[in-house]
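Here is what each chain is made of, one letter per residue.
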Amino acid sequence: MNPSDGPALIPLRPPAPAEFPSAASWLEVSTGRLRRNAEVFRKLSRESKHPFGIGAVLKANAYGHGLSQVLPALHDVVDAVYVVTPHDALEIRRAERDAGLPQRRVIVIGGVDAVEAAALSEAGVEVVLGDDGWRHTVEALRVLPLVAPVKVHVHVDSGLGREGFLPEEIDASLAFLRDAGGVLDVVGALSHFANTEDVTEQTYAREQLARFQDGVSRLEALLGREAGSLERHFAASAAALVLPEAHFDVVRVGIALYGLWPSAETRLSTRIVHAQPPTLEPVLSWRSRAQVVKTIPAGSFVGYGCTYRCPAPTRIAVLPVGYFDGYPRLVSGKAHVLVNGERAPVLGRVMMNHIVVDVTRAAREDQPITTTLLGTDGGESIHADTLAAWAQTINYEIVARLGPHLARIAVP
Ligand SMILES: *Cc1c(COP(=O)(O)O)cnc(C)c1O
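Below, the discussion takes up the overall build of the protein. If you tally the helices and strands in the protein, you get 12 helices and 20 strands. Computed over the C-alpha atoms, the radius of gyration of the protein is 24 Å, within 12% of the 22 Å expected from 2.2 N^0.38 for a compact globule of 412 residues. Residue burial in the protein is summarised as follows: out of 412 residues, 52% are buried. In the protein, the proportion of contacts linking residues at least 24 apart, taken out of those at least 6 apart, comes to 69%. Working note: accessible area of the protein is about 18,400 Å², and carbon and sulfur atoms make up 53% of it.

Next comes the structure, spelled out in structure tokens:
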């Protein structure tokens, strides 16, 4: 393949177990759990005075879970799909074509240039207008062959300090939209919260809501549209769970669809806001077979830096998993994996392609060992939050950094 062809296309078919390299690690993605997590939001919508659409955020390879595994599981239970890159949006259109599925709404929330916007528009994909560069994009679109105006959502920066236009900038910065009607069709407005998941009181979020309303009113006036005619979307997982006034027309749910809570604060707030707090089911399991199992004598060191020394003869299993795969080096000396439903401590440092675990207690002699790095085995579970705490990060980073090379298999 020519490097200028861009990134390789995501395989649509999950690899069959027989295709796994004999000693690799793999991810199991539960389609049933994905659908039940989506149903949590559908139920909130049904119970709301103003039912809202459910948008699935599938950016970052579906939060590391695998776009090609997650898309088919959610396609018929969500109203829209949000991705960051044009590549992912076009992959979704290709997957729909190949599977004979109807087109779901797809919105690219990342930056695009004019050529990308035109290609996305032709594929029936909507885009987000979030910066001043769009003045030039509009000029470029005028000379490109367009089948229809590009559908855009204007991003209002209501206080995150990332992409979008401040409400007070809208009149001046977006005046060019008045005569962009031939190439752009403004269909919606969006914003994004800064700290809904970091707090249990939503003072700042409510300020953001007010600024958003102000921004949307100015935009509608500028475009000569009726007040309330633009589609509005604001809430990510945390706000969708704890801030009903942020639901608007559609919510953009990411982390919660994968069964993970945005934060402990959100989980706590959910218990206060809802009489029957919803349950989220973690979708992902990460498993690996041991490459080597052997007993080393008392006094032996394990791993780089000789940071661990065995106090007694120790049965070790070497797993073909390391920081290359997304198992964080910072968990060295803290983590365990599961073997036969028991905890097996990770010994010494996490290496690029290996970790060594103590299976003295957990493994019976001469049995092939399958380990669980994330997920449940017997009565024990390792949650992405646990791995995140060991690694001094958040569950989002743990799953989003799982190597794209890992085999992913859809399971019920
Ligand atoms: C990532 C993202 C979301 C989803 O956030 P979660 O907390 O994972 O639900 C929604 N909207 C925007 C703009 C995002 O970047």
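Tallied over the entire structure, the rule returns seven aromatic pairs. Consider the rings of F193 and F234, whose centres lie 3.9 Å apart with planes at 15°: the pair is stacked. Residue F193 is found in the loop between β7 (184–190) and α8 (203–223), and its partner F234 is found in the loop between β8 (231–233) and α9 (237–242); the two are separated by 41 residues along the sequence. Residue F193 is classed as buried on the basis of its relative accessible area, which comes to 6%. Taking the centre distance of 5.5 Å and the plane angle of 70° together, the rings of F212 and F248 count as edge-to-face. Pair noted here: F212 is in helix α8 and F248 is in the loop between α9 and β9 (250–253), with a separation of 36 residues, a long-range link. Three or more aromatic residues link up through ring pairs in this structure, and these residues are F193, F212, F234 and F248.

Glancing now at the environment of K151. Structurally, K151 is set in strand β6 (residues 150–155). For the pair K151 and A189, spaced 38 residues apart in sequence, the C-alpha separation works out to 11 Å. The residues contacting K151, other than those within four sequence positions of it, are E126, V127, D185 and V187.

Looking now at the state of the cysteines. A full pass over the atoms with the stated rule returns zero disulfides. Left without a disulfide partner, C306 is nearest to the cysteine sulfur of C310, which lies 11 Å away. Judged by relative accessible area, C310 falls into the buried class, the value being 2%.

This brings us to the site of the ligand. As a structural note, the neighbourhood of the ligand is formed by 13 residues, with K59, Y63, S237, I255 and Y396 the closest of them. When the free accessible area of the ligand is taken as 390 Å², the share hidden by the protein chains comes to 93%. The site holding the ligand turns out to be the largest pocket. Counting residues per element, the ones that place at least two in the shell around the ligand are α2 (59–63) and β9. Classifying every residue of the shell around the ligand gives seven nonpolar, three polar and three charged.

This part takes up the environment of V77. Structurally, V77 is set in the loop between α3 (67–74) and β3 (80–83). Looking at V77, the relative accessible area reads 22%, which means it is partly exposed. Each C-alpha atom of the pair V77 and R35 lies 7.2 Å from the other, and the pair is 42 residues apart in sequence.

Since one α-helical turn is 3.6 residues long, residues separated by three or four positions face the same way. Over its 17 residues, helix α1 (residues 31–47) extends 24 Å from the first C-alpha to the last, a length consistent with the 24 Å expected when each residue adds 1.5 Å. Those residues of α1 not exposed but buried are G32, L34, N37, A38, V40, F41, L44 and S45. Buried residues along α1 sit against β1 (25–30), β2 (53–57), α3, α9, β9 and β20 (407–411).

In this section: the nonpolar core. Core analysis: the biggest nonpolar cluster contains 119 residues, and L58, W134, L174, L184, Y327 and V337 have the highest contact counts within it. When residues of this core are assigned to their parent elements, the largest contribution, six residues, is made by α8. Contacts of Y327, omitting those with residues within four sequence positions, involve W286, V321, G322, A335, H336, V337, V346, V350, I355, L373 and L387. Counting residues in hydrophobic clusters, the runner-up holds eight residues, among them V302, C310, I316 and M351.

Another point: the pairing of strand β4 (residues 105–108). If a strand is regular, its side chains alternate between the two faces of the sheet. Relative to β4, β3 runs parallel, the two being bridged by four bridges. The partner of V83 across the bridge, within β4, is V108. Where β4 lies against strand β5 (residues 125–129), three bridges are found, and the strand directions are parallel. Paired with V108 across the two strands is V127, which belongs to β5.

Quick look at the side chain of E231 now. In this structure, E231 sits in strand β8. A relative accessible area of 17% means that E231 is categorised as buried. A polar contact of 2.8 Å, which involves the side chain of E231, links it to the side chain of R105. Setting aside its immediate chain neighbours within four residues, E231 contacts R105, H153, V187, G188, A189, D249 and V250.

Attention now goes to the pattern of salt bridges. On inspection of all chains with the given rule, the structure shows 21 salt bridges. The residue D76 makes a salt bridge to R35 at a minimum N-O spacing of 2.8 Å. Taken together, the residues D76 in the loop between α3 and β3 and R35 in helix α1 connect sequence positions 41 residues apart. In this structure, R211 and E207 form a salt bridge, with 3.5 Å as the shortest nitrogen-oxygen distance. On the criterion of helical spacing, the pair formed by R211 and E207 is a turn pair, its members being four residues apart in helix α8.

Here we come to the confidence of the model for the protein. Considering every residue of the protein, the mean pLDDT works out to 94; 94% of them sit at 70 or more. Confidence drops under pLDDT 50 across residues 1–16; counting only partners more than four residues distant or on other chains, this segment forms 28 contacts.

Reading the values: the criteria
Residues numbered from 1 in each chain as written. Predicted model: local features only at pLDDT ≥ 70, side-chain atom pairs only at ≥ 80, totals over all residues. Heavy atoms only, no water. Helix = DSSP H or I, 4+ residues; strand = E, 2+ residues; numbered from the N terminus. Rg over C-alpha atoms; globule rule 2.2 N^0.38 Å. Buried < 20%, exposed > 50% of the residue type's maximum accessible area, 1.4 Å probe, protein only. Contact = heavy atoms within 4.5 Å. Areas by Shrake-Rupley, 256 points an atom, 1.4 Å probe, with all protein chains shown as cover. Phe/Tyr/Trp six-rings, centres within 6.5 Å; stacked < 30°, edge-to-face > 60°. Disulfide = S-S within 2.5 Å. Near = heavy atom within 4 Å. 1 Å grid on protein atoms, 1.4 Å probe; cavity = no way out; pocket = protein on both sides within 12 Å on 5 of 7 lines; lining within 4 Å. Sits in = over half its atoms within 2 Å of the grid points. Nonpolar A, V, L, I, M, F, W, Y, C, P; charged D, E, K, R; others polar. Expected span 1.5 Å × (residues − 1). Core = buried A, V, L, I, M, F, W, Y, C linked by side-chain atoms within 4.5 Å. Pairing = 2+ DSSP bridges. Polar contact = N/O pair within 3.5 Å; in protein donor to acceptor, adjacent residues only side chain to side chain. Salt bridge = Lys/Arg side-chain N within 4 Å of Asp/Glu carboxyl O. pLDDT = per-residue confidence, 0-100.

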